[in-house]
Amino acid sequence: MRKIFLIIAFITAIISNVPGQGIGSPGTIKDDGRFTASTKQLNQFFRRFNGEESVDGTVRYYPGDSLYRNIPLRKGFLNILFDNQTSSLSPDLKNQFIQTTLSEVYPHYLNFHREGWYAEVETIFVFKGKREKATLIMKIQSEGLGYEWVIDQVIFEPFKNLFNKPVGEQKDFLHPLSHELGFMNLRRAFQDSNLPESFTANSYKPDYLAIFLYEMKQNNLRFETVSGLKFHFFQIQGWYFEVNQFNRPGFNTGWLISNLVRLGPGDKETILKYIYDQE
Amino acid sequence: MKNKFILFLGLFLSASVAVMAQDNISPARKQAIDSLALEKVKDLSKYISIIGSKETQFSEANRVMDRAEELFAPGAEMGVSSINTQEIAYYKVRRYFERLMALNYDRVNITWYDIQYISDLERQPDGRYVGVITVYQRFEGTSIETGMNYKDTTKKDITIYVEKKQTQIAGRTIEFWDVMLGDVRVTETSA
């Protein structure tokens, strides 16, 4: 009950702090508080999560400012950074997460430049004349004088069954004395077999991104558009959360946490494998 | 001629932020850059309203389109999506303005919400800084013949590039931060 009151009080504070100045001259429309409340950019998600801006978002707080990373401010923000309409996150789990994040002894913050967060970008490509979805897993890296987003992995359905390496006694192989024949039997691997991957090492993993880039260079793949975006965060120790954009009426909109998982041993690796589509 | 040149340069610099020679952006400087960027976004908003207005003459709209295009870095694009589809349709800035001008309404009213959000500035590999300003636009178009009245509210996420430049005034090298607009993401909102 107290928590609901706090959330309402925070949203009310946001609404009552609607800025007076706008981009236009007289005739601008006064925001009723919905756009102010919305987490409009992922940058604002970071700032709100860390408690680095004013309630209405017009003032950026820096180290040394009295309200910089202020705990009550952060608490107010964290409560409105969850998707409270469609995601079925238990209040208990959210509370545990907020408590961990706001710990007085060891508070946790998000860091734009640090590893541990990824963008999952849904895209459409035309591959050999057919429209196909491709998912790009992207991350931030330092480069030159600053930073850049780079593609870390691609998940592309047409490549999925490109390599289907059989295992065990059923598979084709080069017998262990092939070397005595100067590997003349390579003909079996490269001419007679439809599964040349059968002749690769156990540790072999196809590099789908390399194939993707190669096909693009061969003009077999043409980018068409972006169709979706979400973010995965592992920066808060012991937790994973997903951030999605919610474009809907009301005050609980913009970039919000839509999935939250408390991580046990090995869970991070499992989720990462799932994101990278390697499971 | 020389006087005119100095006057022009003075005006140009007054719209920029003169700084000392250093690369880090302090909070105070960030605020000054934000104001400069916001001025450019205000100009863009004004131009969009003029281009979209049915009362604007064709020749005047073209002149304003030229001015609006000058705000942007070369190659900038508008990426537009609707509530029904998240897929982005891409338009070159000029093409976007031309489409706006050619909309088949008898009356068009474009207004802006009194809210904007300005991101932090991040440095790119080439040393330039990049940021994003978010604004909200209300569009209303009326067709007298069909009686149709179309309304939408769009969120515009506007890229800004911030670059330190140099110029010579009376033999002295002056450094200043210049702001250019870049790609714009236009998203229809449910508001």
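Residues numbered from 1 in each chain as written. Chains lettered and ligands numbered in written order. Predicted model: local features only at pLDDT ≥ 70, side-chain atom pairs only at ≥ 80, totals over all residues.

Regarding the overall build of chain A
For step 1, the next point in the chain: The helix and strand inventory of chain A stands at 9 helices and 6 strands.
For step 2, the next point in the chain: Split into buried and exposed, the 279 residues of chain A put 20% on the buried side. (Helix = DSSP H or I, 4+ residues; strand = E, 2+ residues; numbered from the N terminus. Buried ≥ 20, exposed ≤ 12 C-beta atoms within 10 Å, placed from the backbone.)

Some points on the overall build of chain B
For step 1, the next point in the chain: A tally of helices and strands in chain B yields 4 helices and 8 strands.
For step 2, the next point in the chain: If you list the helices and strands of chain B from N to C, you get α-β-α-α-β-β-α-β-β-β-β-β.
For step 3, the next point in the chain: Counting over 191 residues, chain B shows a buried share of 26%.
For step 4, the next point in the chain: For chain B, the proportion of contacts with a sequence separation of at least 24, taken over those separated by at least 6, is 60%. (Contact = placed C-beta atoms within 7 Å.)

Comments concerning the interface of chain B and chain A
For step 1, the next point in the chain: Facing 33 residues of chain B, the contacting portion of chain A comprises 34 residues.
For step 2, the next point in the chain: The set of elements that each furnish at least two residues to the side of chain B that touches chain A consists of α2 (27-52), β4 (107-118), β5 (122-123) and β6 (129-142) of chain B.
For step 3, the next point in the chain: Sorting elements by how many residues they give to the side of chain B that touches chain A places β4 of chain B first, with 7 residues.
For step 4, the next point in the chain: For the side of chain B that touches chain A, a count of residues per class yields 14 nonpolar, 11 polar and 8 charged. (Nonpolar A, V, L, I, M, F, W, Y, C, P; charged D, E, K, R; others polar.)

Description of the nonpolar core
Note that soluble globular proteins tend to have their nonpolar side chains buried in a common cluster.
For step 1, the next point in the chain: Core analysis: the biggest nonpolar cluster contains 37 residues, and Ile51, Ile133, Ile158, Ile160 and Val162 of chain B have the highest contact counts within it.
For step 2, the next point in the chain: Of all the secondary-structure elements, those providing two or more residues to this core are α2, α3 (58-70), α4 (93-101), β4, β6, β7 (149-169) and β8 (172-188) of chain B.
For step 3, the next point in the chain: With 7 residues, α2 of chain B is the single largest residue contributor to this core.
For step 4, the next point in the chain: Residues within four places of isoleucine 51 of chain B in sequence aside, it is in contact with Thr56, Ala61, Val64, Met65, Phe97, Leu100 and Met101 of chain B.
For step 5, the next point in the chain: Grouped together as the second largest cluster of nonpolar side chains are 15 residues, Phe77, Phe82, Phe241 and Leu256 of chain A included. (Core = buried A, V, L, I, M, F, W, Y, C linked by C-beta atoms within 7 Å.)

Focus: the sheet that holds strand β3 (residues 146-156) of chain A
Residue and element names in this part refer to chain A.
For step 1, the next point in the chain: Here 6 strands make up an open sheet; going across it, the order is β3-β2-β1-β4-β5-β6 and the pairing antiparallel. Each edge of the sheet is formed by a strand with only one pairing partner; in this case those strands are β3 and β6 (254-262). Between one strand and the next, the sheet's axes are offset by a mean angle of 35 degrees, whatever the strand orientation.
For step 2, the next point in the chain: The strands touched by helix α5 (residues 91-101) within the sheet are β5 (239-246) and β6, with β6 carrying the most contacts at an inclination of about 95 degrees.
For step 3, the next point in the chain: Together, β3 and β4 (221-233) form the strand contacts of helix α8 (residues 208-217), whose direction differs from that of β3 by roughly 95 degrees. (Pairing = 2+ DSSP bridges. Axes fitted to C-alpha atoms, helices over the stretch in contact; angles between N-to-C directions.)

Brief notes about the pairing of strand β2 (residues 77-81) of chain B
Residue and element names in this part refer to chain B.
For step 1, the next point in the chain: Inspection of the sheet shows β2 paired to strand β3 (residues 89-92) by 4 bridges, in the antiparallel sense. Bridged to methionine 78 within β3 is tyrosine 91.
For step 2, the next point in the chain: The sheet contact formed by β2 and β8 spans 4 bridges and is parallel. Counted as the bridge partner of glycine 79 is arginine 185 from β8.

Observations concerning the confidence of the model for chain B
All names here are of chain B.
For step 1, the next point in the chain: A residue-level look at chain B finds 88% of positions with pLDDT of 70 or above and a mean pLDDT of 87.
For step 2, the next point in the chain: Element-level mean pLDDT values for chain B span from 42 in strand β1 (residues 17-19) up to 96 in β5.
For step 3, the next point in the chain: Counting contacts from residues 5-22, a segment whose pLDDT is below 50, to residues more than four positions away or on other chains yields 23 contacts.
For step 4, the next point in the chain: What the predictor reports for the complex is a pTM of 0.88 with an ipTM of 0.88. (pLDDT = per-residue confidence, 0-100.)

Quick notes on the confidence of the model for chain A
Close inspection of predicted coordinates is inappropriate for parts of the model with low pLDDT.
For step 1, the next point in the chain: Per-chain confidence: chain A averages 91 in pLDDT, with 90% of residues scoring 70 or above.
For step 2, the next point in the chain: Contacts for the low-pLDDT stretch residues 17-22 of chain A, under 50 throughout, to residues beyond four places or in other chains number 17 contacts.

Here's the deal with helix α4 (residues 71-80) of chain A
Helical geometry note: an α-helix holds 3.6 residues per turn, so side chains three or four residues apart project in the same direction.
Residues and elements named next belong to chain A.
For step 1, the next point in the chain: Listed as buried for α4 are Leu73, Arg74, Gly76 and Phe77. What you see down the axis of α4 is that its buried residues fit within an arc of 160 degrees, all on one side. α4 presents Ile71 and Pro72 as exposed residues on the side facing more than 90 degrees away from its buried surface. (Arc of directions from axis to C-beta.)

What about unusual backbone geometry?
All names here are of chain A.
For step 1, the next point in the chain: Positive phi is not limited to glycine here, since arginine 69 has a value of about 55 degrees.
For step 2, the next point in the chain: Within the secondary structure, arginine 69 is located in the loop between α3 (42-50) and α4.
For step 3, the next point in the chain: In this structure, lysine 128 is a non-glycine residue whose phi angle is positive, near 50 degrees.
For step 4, the next point in the chain: You can see lysine 128 is positioned in the loop between β1 (117-127) and β2 (130-143).
For step 5, the next point in the chain: Accessibility expressed as a C-beta count within 10 Å gives 10 for lysine 128, which makes it exposed.

Describing the packing of α2 of chain B against α4 of chain B
All names here are of chain B.
For step 1, the next point in the chain: At a minimum axis separation of 8 Å, α2 and α4 run at an interaxial angle of 40 degrees. Here α2 is positioned oblique relative to α4, judged by the angle of their axes. In contact with Ile48, Ile51 and Gly52 of α2, α4 contributes Phe97, Leu100 and Met101.
For step 2, the next point in the chain: Partitioned by chemical class, the residues of the contact of α2 with α4 number 5 nonpolar, 1 polar and no charged. (Parallel < 35°, antiparallel > 145°, perpendicular 65-115°, else oblique.)

A word on the environment of threonine 135 of chain A
Residue and element names in this part refer to chain A.
For step 1, the next point in the chain: Along the polypeptide, threonine 135 turns up in strand β2.
For step 2, the next point in the chain: The spatial distance from the C-alpha of threonine 135 to the C-alpha of phenylalanine 49 is 27 Å, given a sequence separation of 86 residues.
For step 3, the next point in the chain: Apart from the residues lying within four places of it in its own chain, the contact partners of threonine 135 are Glu120, Glu122 and Ile155.

Notes on the environment of arginine 99 of chain B
For step 1, the next point in the chain: Along the chain, arginine 99 of chain B turns up in helix α4.
For step 2, the next point in the chain: For arginine 99 of chain B, a count of 13 C-beta atoms within 10 Å corresponds to the partly exposed category.

Notes on the packing of α2 of chain B against α3 of chain B
Describing two packed helices takes the angle between their axes plus the distance from one axis to the other.
Residue and element names in this part refer to chain B.
For step 1, the next point in the chain: Where α2 meets α3, the axes come as close as 9 Å, and the angle between the chain directions of the two elements is 155 degrees. One way to sum up the angle between α2 and α3 is to call them roughly antiparallel. As α2 packs across α3, the resulting crossing turns out to be left-handed. Here Leu44, Tyr47, Ile50 and Ile51 of α2 lie close against α3, whose contacting residues are Ala61, Val64, Met65, Arg67 and Ala68. (Left-handed = near helix turned anticlockwise from the far one by under 90°.)

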